[in-house]
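Residues per chain, in single letters:
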Amino acid sequence: DSGVTQTPKHLITATGQRVTLRCSPRSGDLSVYWYQQSLDQGLQFLIQYYNGEERAKGNILERFSAQQFPDLHSELNLSSLELGDSALYFCASSVGEVWENNEQFFGPGTRLTVL
Amino acid sequence: SQQGEEDPQALSIQEGENATMNCSYKTSINNLQWYRQNSGRGLVHLILIRSNEREKHSGRLRVTLDTSKKSSSLLITASRAADTASYFCATLGTYKYIFGTGTRLKVLA
């Protein structure tokens, strides 16, 4: 158990809908990262927050947004869902920022299925 | 294309044998990390090697890094059935991690 929690575990929804994925980092970790893992694209970095502020952006679509709250939990919002958004979404956390050689701890993931 | 490319894509060995997987990357890095992922589950950090390090050990794991060739290798010695998983390298470029495509390792009992 990494100490990172993600809810829900599974999510099934329809195209065009909007969903929110939630992540609670390990106690004491200030950075939260979101990743998308799909069969055809592999594991893609989406976005990182550090202590409430956006720090780095990867391949995140404009239909997706995220935020980190004062209690350090984070939410990833996915809107106007398309079939291709079906994937495993992982949250990871670290004490500091990864470019300071910090290890990331991954949550168990949320499996999103868009029908 | 992926920054990190693992090779081979899949590897099947007998329990007790050693498993070697390689990772190549394209740009300068601050560090390189190896992760393990059991089917459909979260990634587990195995080892981090900094750009100024050449070799690192952790238990049955040995990682090497050759920055001149932009490559790294992960060696798992005396493999066990429980080592069956996908293994990913992750390189830290400018403010983001890029994960490779992974090597699927199967250890046969």
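Everything that follows concerns the structure shown earlier in this document.
Residues numbered from 1 in each chain as written. Chains lettered and ligands numbered in written order. Predicted model: local features only at pLDDT ≥ 70, side-chain atom pairs only at ≥ 80, totals over all residues. Heavy atoms only, no water.

Residue and element names in this part refer to chain A. Pairing is antiparallel in the open sheet, where 4 strands are placed in the order E1-E3-E8-E7. The sheet is open, and its two edges are formed by strand E1 (5-7) and strand E7 (64-68), each paired on a single side. Taking each pair of neighbouring strands and ignoring which way they run, the sheet shows an average axis angle of 15°. Across 5 bridges, the pairing between E7 and strand E8 (residues 74-78) is antiparallel. For Gln68, the partnering residue across the bridge sits in E8 and is Ser74. (Pairing = 2+ DSSP bridges. Helix = DSSP H or I, 4+ residues; strand = E, 2+ residues; numbered from the N terminus. Axes fitted to C-alpha atoms, helices over the stretch in contact; angles between N-to-C directions.)

Residue and element names in this part refer to chain B. Examined against the element boundaries, Ser73 turns out to sit in strand E8 (residues 71-76). Here the side chain of Ser73 touches Thr64 through a polar contact of 2.6 Å, side chain to side chain. Once residues lying within four places of it in the same chain are set aside, the contact partners of Ser73 are Met21, Asn22, Trp34, Arg62, Val63 and Thr64. (Polar contact = N/O pair within 3.5 Å; in protein donor to acceptor, adjacent residues only side chain to side chain. Contact = heavy atoms within 4.5 Å.)

Our focus in this paragraph is the state of the cysteines. Residue and element names in this part refer to chain B. Tallied over the entire structure, the rule returns 2 disulfides over all chains. Covalently, Cys23 is tied to Cys89 through a disulfide, its sulfur atoms 2.0 Å apart. Its S-S torsion of approximately 65° makes the covalent link between Cys23 and Cys89 right-handed. In this pair, Cys23 sits in strand E3 (residues 19-24) while Cys89 sits in strand E9 (residues 85-92), placing the two residues 66 residues apart along the sequence. Owing to a relative accessible area of 0%, Cys89 belongs among the buried residues under this scheme. (Disulfide = S-S within 2.5 Å. Buried < 20%, exposed > 50% of the residue type's maximum accessible area, 1.4 Å probe, protein only.)

If you walk through the whole model with that rule in mind, you get 6 salt bridges over all chains. Across the pair Lys56(B) and Glu53(B) runs a salt bridge whose closest N-O atoms are separated by 3.9 Å. Look at Glu53(B) and you get partly exposed, because its relative accessible area is 23%. Ionic pairing is found between Arg60(B) and Asp83(B), a salt bridge with its closest N-O pair at 2.9 Å. Remark: Asp83(B) occurs in the loop between E8 and E9 and Arg60(B) occurs in the loop between strand E6 (55-58) and strand E7 (61-66); sequence separation between them is 23 residues. Bridged by salt links that share partners, the residues Arg63(A), Glu82(A) and Asp85(A) form one connected network. (Salt bridge = Lys/Arg side-chain N within 4 Å of Asp/Glu carboxyl O.)

Turning our attention to the sheet that holds strand E1 (residues 5-7) of chain B. Residue and element names in this part refer to chain B. Spatial strand order, E1-E3-E8-E7-E6: 5 strands in an open sheet with antiparallel pairing. Strand pairing shows two members of the sheet lacking a second neighbour, E1 and E6, which therefore form its edges. With direction set aside, neighbouring strand axes in the sheet form an average angle of 15°. Bridge count between E3 and E8: 6 bridges; the pairing is antiparallel. Looking at E8, one finds that Ser24 is bridged to Ser71.

In this section: the interface of chain B and chain A. On the side of chain A, 22 residues touch chain B, which itself brings 19 residues to the contact. Taken together, both faces of the contact between chain B and chain A bury some 1600 Å²; the carbon and sulfur share is 55%. Our count for the chain B to chain A interface comes out at 0 salt bridges. The tally of links from chain B across to chain A stands at 2 residue pairs in polar contact (both at pLDDT 80 or more). Elements represented by at least two residues in the side of chain B that touches chain A include exactly strand E4 (31-37), strand E5 (43-50), E9 and strand E10 (97-99) of chain B. Class assignment of the residues belonging to the side of chain B that touches chain A gives a composition of 8 nonpolar, 8 polar and 3 charged. (Buried area = accessible area lost by both parts, 1.4 Å probe. Nonpolar A, V, L, I, M, F, W, Y, C, P; charged D, E, K, R; others polar.)

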